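# Fold and geometry: a report
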Amino acid sequence: GEEARVVTVPADLRDPSAGAEMLHQVVLEQGYDVALLLVASDQAAYTGPFLSQRPDNLDRMLALNVGATCALCRVFGAEMAAAGRGRMLLVGAPQGAGPGI
């Protein structure tokens, strides 16, 4: 069979849906067959009490950490479902386990 390999493709996911679609397009253009998608959602975090956070910071953090993860799972998950195979591994940041945000 084919040899498995790990490929890292950097992508700007500040606009989750557009970023996920762009990343998916790059993967298709390169001819990669994605059987395992690893999403590490630890890109944005703000420290301090939740109630003192600026709404725009929270919006950006949620869009990147939650929105991008969901968008990637939707785009790549559809392809995996169509192929009848595939796995996703979602990894969160350790900061999420501590106080504040």
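Residues numbered from 1 in each chain as written. Predicted model: local features only at pLDDT ≥ 70, side-chain atom pairs only at ≥ 80, totals over all residues. Heavy atoms only, no water.

### Some remarks on the pattern of salt bridges
Threshold: By convention in these notes, a salt bridge is any Lys or Arg side-chain nitrogen within 4 Å of a carboxyl oxygen on Asp or Glu. Exposed residues in this analysis have more than 50% of their type's maximum accessible area, buried residues have under 20%, and partly exposed residues fall in between, with area computed by a 1.4 Å probe over protein chains only. Only DSSP runs of H or I with at least four residues qualify as helices, and only runs of E with at least two residues qualify as strands; both kinds are numbered from the N terminus onward.
For the structure shown, the criterion picks out five salt bridges. As a salt-bridge pair, Asp 12 and Arg 14 come within 2.6 Å of each other at their nearest N and O atoms. Take Asp 12: its relative accessible area is 42%, and that puts it in the partly exposed class. For Arg 14, a relative accessible area of 66% gives the class exposed. Ionic pairing is found between Asp 56 and Arg 60, a salt bridge with its closest N-O pair at 3.5 Å. Remark: Arg 60 and Asp 56 occur in helix α2 (residues 55–83); sequence separation between them is four residues, near one turn of the helix.

### Observations concerning the nonpolar core
Condition: What is meant by a nonpolar core is a set of buried Ala, Val, Leu, Ile, Met, Phe, Trp, Tyr and Cys residues, joined one to another through side-chain atoms within 4.5 Å. Contacts are assigned to residue pairs with any non-hydrogen atoms lying within 4.5 Å of each other.
Among the nonpolar cores identified, the biggest contains 17 residues, and Leu 13, Ala 20, Val 34, Leu 37, Leu 64, Leu 72 and Phe 76 are the most heavily contacted of them. Counting residues per element, the ones that place at least two in this core are α1 (16–30), β1 (36–41) and α2. By residue number, the principal contributor to this core is α2, which donates nine residues. If sequence neighbours within four positions are ignored, Leu 72 has contacts with Leu 13, Ala 20, Leu 23, Leu 37, Val 39 and Gly 77.

### Focus: the environment of Pro 10
As for its position among the elements, Pro 10 is in the segment before α1. Its relative accessible area of 72% is what places Pro 10 among the exposed residues. Sequence separation between Pro 10 and Leu 23 is 13 residues; the distance between their C-alpha atoms is 8.1 Å.

### Brief notes about α1
Defined as follows: By this rule, a helix spans an expected 1.5 Å times one less than how many residues it contains. The directions from the helix axis to the C-beta atoms form the arc being described.
In this model, α1 (15 residues) spans 21 Å end to end at C-alpha, consistent with the 21 Å of a helix rising 1.5 Å per residue. The set of residues buried in α1 consists of Pro 16, Gly 19, Ala 20, Leu 23, His 24 and Val 27. Projected down its long axis, α1 shows its buried positions confined to an angular sector of 135°, all on one face. Each element contacted by the buried residues of α1 is listed here: α2. Looking one or two places after α1, you find Gly 31, whose phi comes out positive at around 80°.

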